[in-house]
Amino acid sequence: MTSEISENGDAVIIRVAGNFDFNMHREFQRAYRNVAPPPKMFLVDLSATDHLDSAALGMLLLLRDYCVEMGREGFQPEVELMNANAHVSHILSVSNFDRIFSIR
């Protein structure tokens, strides 16, 4: 897992590689917490993600909750999931994450 600030500085891009599961919990949290200044958007790039499980879905919900909490203190960043393969897209779809997150 890697994270970086976009060229224009508006977004944090979090790239998840391999299996997105509970073993990545701390690393995923570190990727989005305490980013200064707060970004307008968190982009979760799933292009190198082979599989995600229920723990990963929970971590995505925690990221969303973190953004909602930030919104109470000022501007609320958006979360967008992107570049998922067919398998990961299917898991997101059957979990109704397409109703919760912007997915492209």
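A few points on the structure.

Rules behind the numbers
Residues numbered from 1 in each chain as written. Predicted model: local features only at pLDDT ≥ 70, side-chain atom pairs only at ≥ 80, totals over all residues. Heavy atoms only, no water. Salt bridge = Lys/Arg side-chain N within 4 Å of Asp/Glu carboxyl O. Helix = DSSP H or I, 4+ residues; strand = E, 2+ residues; numbered from the N terminus. Buried < 20%, exposed > 50% of the residue type's maximum accessible area, 1.4 Å probe, protein only.

Where charged atoms of side chains with opposite charge meet at close range, the side chains can pair. Within the structure shown, the criterion is met by five salt bridges. Between R15 and E4 there is a salt bridge, with the nearest N and O atoms lying 2.8 Å from each other. Taken together, the residues span a long stretch of sequence, with R15 in strand β2 (residues 11-15) and E4 in strand β1 (residues 2-5) at a distance of eleven residues. Its salt-bridge partner being R104, residue E80 comes within 2.0 Å of it at the nearest N-O pair. Residue E80 is located in strand β6 (residues 78-82), and its partner R104 is located in the segment after β7 (102-103); the two are separated by 24 residues in the primary sequence. According to the relative accessible area criterion, E80 is buried, its value standing at 10%. The class of R104 is exposed, set by a relative accessible area of 58%. Counted as one network, the salt bridges with shared partners bring together E4, R15 and D45.

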